[in-house]
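Structural features, examined
The chain contents come next:
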Amino acid sequence: MSSTIAVKFSKVSKTYGTTQVLRDISLDLPRGSTTCVIGPSGSGKSTLLRCTNLLARPDSGSIEIEGMDITAAGTDVNLMRTKVGMVFQHFHLFSHLDVLQNVTLALRKVRGMSADEADARAMAQLRAVGLGGLERRRPSQISGGQQQRVAIARALAMDPAIMLFDEATSALDPELVKGILNVMRDLAISGMTMLVVTHEMRFAREVAGQVVFMDQGRIVETGLPGALFDQPQTPRLRQFLDQVL
Amino acid sequence: MFAGLSRIQQTFFDIHMIARVMPSLLTVGLPNTILLAILASLIGIVVGLVIAIGLPSRHLSLRLICRSYVDILRGLPHILTIYLIGQGLPLAGLALFGSNTYAYAALAIGLIEGAYMAEIFRAGMQSVERGQIEASRTLGMTKWQTMRYIIMPQGIRRVLPPLTGQFILVIKGSALVFLLGLTASQREIFSIAQDSAINNANLSPLTAAGLLYLALTVPMTYAVNAWERRLRGAQGSMRGDE
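Residues numbered from 1 in each chain as written. Chains lettered and ligands numbered in written order. Predicted model: local features only at pLDDT ≥ 70, side-chain atom pairs only at ≥ 80, totals over all residues.

A short note on the overall build of chain A
Looking only at helices and strands, chain A has nine helices and 10 strands in total. Here the C-alpha atoms of chain A give a radius of gyration of 18 Å, agreeing with the 18 Å that 2.2 N^0.38 yields for 245 residues. Scored against the burial criterion, the 245 residues of chain A give a buried share of 47%. A separation threshold of at least 6 residues defines the contact pool for chain A, and within that pool the share at least 24 residues apart is 65%. (Helix = DSSP H or I, 4+ residues; strand = E, 2+ residues; numbered from the N terminus. Rg over C-alpha atoms; globule rule 2.2 N^0.38 Å. Buried ≥ 20, exposed ≤ 12 C-beta atoms within 10 Å, placed from the backbone. Contact = placed C-beta atoms within 7 Å.)

Given below as structure tokens:
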């Protein structure tokens, strides 16, 4: 049944210096579904996300995307990355480019689109995330929520098969969080395969098909959101939920 | 007291002396100085960028070469480097530019400036947020595309002010071309002034040269600053509404 699995982590481990941040992580991401990763800071959730597009390289284990082992030697990492979109906590827009150029740059330089083609694609994507009319603004001239929308549009414009969200709402003012979560929710509903590291428990409960609880580099529990939140099996998860809910 | 002031006036600010040397400063010296400064700056920018890209390289040998280049060319007295290149190259049988003093001087000064500019460029490129580089790589852009479209445009923009300081040094440093020997028509601002000062046993021609250097460097500083402000203004700080 591997055809329903979009991403397969097998025994992925990663060490920074003397700290083991990922220990034998095995996890399947079902295609077309959202997997939310929760856990205390330092639990390795962001590293797991960053391994998924090889921003961090696992020391051992393998990661298969659509059946292709991306950790194998000879993998075209740049090609792989065009299929895996990523949204960061701090947006990381290109500050010397305007909103439209942020979205069109990779379309032109990586996808090889003409300027007109790239502009049309980017405009459509910007409108889809609710940003019509801001094309000529600089990142510093728009709000954090708008910046994150640009970052999402930038990733989606590449037409990825999988989207990674690394605490995408953690750096936002409280009143802007909901807007971004709504964009993510719409994306999930549209059938995008998503891996979402988040502290938004309500979002995880409502949107995720599967929730993963990580602690100290390990997956402690994984399951359907209802089961995981309402009947935590381990004391560690119970303790964590007590603290955050 | 008054006698002292008057002696200073006669030695440095003799109007007739200044007026007499000014025409050749303007018609011969100024074009030569500008030409030399532009050539050396262009060489310096190209060399500086290449070395700056190599400085943080993952390859030890490349890093070592670039590091040594910067350390040696910044550490040697400029006069020695100019002799080494201007007279050393032809002696070694590498008479790249025949007997064209200017070409050797431009090359020598350019190579020296390249070492200084490399450090400036490196600082600028390093100041570009790691996150933007990751975002670029995440979109499938290669290392080189990321360098070309993300790091260099921002890095260079951020170091325009210190770069201006370096251009000023190039303009003044062009005076060192005299070390390699110049024909009358090749002389730049400073050598014309110096010859005139020696012939007349009076330093006023050097003051005239100083005025010309200021006329070159001060407007340039303000022009670059204005340009930099406009670039920054384009990135303004006005915030929109969500």
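Anyway, onward from the coordinates.
Quick notes on the nonpolar core
As a rule of thumb, nonpolar side chains are buried together in soluble globular proteins. Residues and elements named next belong to chain A. Core analysis: the largest hydrophobic core is formed by 113 residues, its most contacted members being Val37, Val87, Ala153, Leu164 and Phe165. Residue-level mapping places this core at the junction of two domains, with at least three residues from each of domain 1 (2-83 + 162-244) and domain 2 (93-159). Ignoring anything within four residues of it in the chain, the contact list for Ala153 reads Val103, Gln125, Leu126, Val129 and Leu131. (Core = buried A, V, L, I, M, F, W, Y, C linked by C-beta atoms within 7 Å. Domains from an automatic or database assignment.)

Regarding the interface of chain B and chain A
Each partner contributes to the interface: chain B provides 26 residues, whereas chain A provides 29 residues. Put simply, the parts of the chain that give the side of chain B that touches chain A at least two residues each are α6 (130-138) and α7 (143-158) of chain B. When grouped by side-chain class, the residues that make up the side of chain B that touches chain A number eight nonpolar, 11 polar and seven charged. (Nonpolar A, V, L, I, M, F, W, Y, C, P; charged D, E, K, R; others polar.)

Here we look at helix α6 (residues 174-189) of chain A
Residues and elements named next belong to chain A. Taking 1.5 Å per residue, 16 residues should reach 22 Å; α6 reaches 23 Å between its end C-alpha atoms and fits that length. Within the span of α6, buried status applies to Ile180, Val183, Met184, Leu187 and Ala188. Buried residues along α6 cover an arc of 140° about the axis, so they all sit on one side. Of the residues in α6, the exposed ones pointing more than 90 degrees away from the buried face are Glu175 and Ile189. Looking at the residues trailing α6, positive phi occurs at Gly191, about 100°. (Expected span 1.5 Å × (residues − 1). Arc of directions from axis to C-beta.)

A few points about the packing of helix α4 (residues 115-128) of chain A against helix α5 (residues 144-157) of chain A
Residues and elements named next belong to chain A. α5 packs onto α4 with a crossing angle of 130° between their chain directions and a minimal axis gap of 9 Å. One way to sum up the angle between α4 and α5 is to call them oblique. Regarding α4 and α5, the two cross each other, and that crossing is right-handed. Contact residues: α4 offers Arg121, Ala122, Gln125 and Leu126, while α5 offers Ala153, Leu156 and Ala157. Among the residues making up the contact of α4 with α5, the classes are represented as five nonpolar, one polar and one charged. (Axes fitted to C-alpha atoms, helices over the stretch in contact; angles between N-to-C directions. Parallel < 35°, antiparallel > 145°, perpendicular 65-115°, else oblique. Left-handed = near helix turned anticlockwise from the far one by under 90°.)

Here we look at the sheet that holds strand β4 (residues 60-65) of chain A
Pairing between the strands of a sheet is mediated by backbone hydrogen bonds and can be parallel or antiparallel. Residues and elements named next belong to chain A. Read across the sheet, four strands follow the order β2-β1-β4-β5 without closing on themselves; strand pairing throughout is antiparallel. Looking along the sheet, the strands with just one partner apiece sit at the ends: β2 (19-30) and β5 (68-69). Strand direction decides the pairing type here: β4 and β5, joined by two bridges, are antiparallel. Paired with Ile65 across the two strands is Met68, which belongs to β5. (Pairing = 2+ DSSP bridges.)

A few points about the domain arrangement of chain A
Residues and elements named next belong to chain A. Considered domain by domain, chain A is made up of domain 1 (2-83 + 162-244) and domain 2 (93-159). Placing the centre of domain 1 and that of domain 2 at their C-alpha centroids yields a distance of 25 Å. Tallying the contact residues gives 10 residues for domain 1 and 10 residues for domain 2. Sort the elements by how many residues they give to the side of domain 1 that touches domain 2 and α6 lands first, with four residues. Among the residues making up the side of domain 1 that touches domain 2, the classes are represented as seven nonpolar, two polar and one charged.

Here we look at the pairing of strand β9 (residues 210-215) of chain A
All names here are of chain A. Counting buried positions along β9 gives five out of six residues, so the element sits mostly inside the fold. Where strand β3 (residues 34-38) meets β9, four bridges bridge the pair, whose relative direction is parallel. When the sheet's bridge partners are listed, Thr35 is paired in β9 with Gln210. Where β9 lies against strand β10 (residues 218-223), five bridges are found, and the strand directions are antiparallel. Opposite Met214, over in β10, you have Ile219 as the bridge partner. Between β9 and β10, which pair antiparallel one after the other, the connecting turn spans two residues, and Gln216 there sits at a positive phi close to 50°.

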